[in-house]
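# Coordinate analysis (summary)
These are the residues of each chain, in order.
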Amino acid sequence: MLSEKMEAALNEQIKWEFYSAYLYLSMAAYFENLGLEGFSHWMKAQAAEETMHAMKFYRFVHERGGRVRLQEIPMPPEDWDSPLACLEYALNHEQEVSRRINALMSAAKEEGDHATEIFLQWFVSEQVEEEDSFGRLVNQMKLVKDSPQGLFHLDRELAARPLDLNLMAQEA
Ligand code: FEO
């Protein structure tokens, strides 16, 4: 059984995972508007992953006899100064998500809630990957700088990311 405090903290994290999906969809729209369809596609795939993350928490709260209480999702930004600024914003966001996952982990340890600790371990590893993939994207973008050819190639590369909408259904 989840403590009331842990249930509230996990519900808060459901909101942040859905917010992440919302943010990346907003970035997808930004890139689409710039004609960068590969970047847009990559962000849509990321939004699908974030929805899957939210649904993992959703299922876990129920599995532990808790109650899912959905919260208001803040409005994401819709414009950035440049594609690089947008990607840097995303990287900062992922660092913030990692901080939140770490805080949840510390709270679970303090409570002696081992089931939540084990559940969160997947997210700790996932955040290492998430920060790595956004970090690499930021570095690639810095290499491209103002080269239209470099941007074209990177856009083509990002278009190849699989977009698996079944991810969400599997986690529900
Ligand atoms: Fe679900 Fe990208 O953190």
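Computed from a predicted model, the values in this text were never measured in an experiment.

### Some thoughts on the side chain of E94
Examined against the element boundaries, E94 turns out to sit in helix α3 (residues 83-111). The side chain of E94 sits in the buried core without any salt bridge; R161 is the nearest counter-charge, 9.0 Å away. Of note is the side chain of E94, whose polar atom sits 3.0 Å from the side chain of Q127. Once you skip the residues sitting within four places of it in the chain, E94 turns out to touch Y24, Q46, E50, Q127, E130, E131 and F134.

### Some thoughts on the UniProt feature "binding site: Fe cation" (unreviewed entry) in the chain
Mapped onto this structure's residue numbering, the UniProt feature "binding site: Fe cation" (unreviewed entry) falls at E17, E50, H53, E94 and Q127. The annotated residues occupy 111 residues of the chain but converge on a single region, no pair of C-alpha atoms lying more than 13.0 Å apart. By the secondary structure assignment, E17 is in helix α1 (residues 4-34). Sequence-distant contacts of E17, that is, excluding residues within four places in its chain, are made with E50, H53, A54, F57, V97, I101 and F123. On the secondary structure map, H53 appears in helix α2 (residues 37-63). Since its relative accessible area comes to 0%, H53 is described here as buried. If we skip the residues at most four places from it in the chain, H53 touches E17, W122, F123, E126 and E130.

About the cut-offs
Residues numbered from 1 in each chain as written. Predicted model: local features only at pLDDT ≥ 70, side-chain atom pairs only at ≥ 80, totals over all residues. Heavy atoms only, no water. Helix = DSSP H or I, 4+ residues; strand = E, 2+ residues; numbered from the N terminus. Buried < 20%, exposed > 50% of the residue type's maximum accessible area, 1.4 Å probe, protein only. Lys, Arg positive; Asp, Glu negative; His and termini not counted. Salt bridge = Lys/Arg side-chain N within 4 Å of Asp/Glu carboxyl O. Polar contact = N/O pair within 3.5 Å; in protein donor to acceptor, adjacent residues only side chain to side chain. Contact = heavy atoms within 4.5 Å. UniProt positions renumbered as here; feature names shortened; annotations may be inferred.

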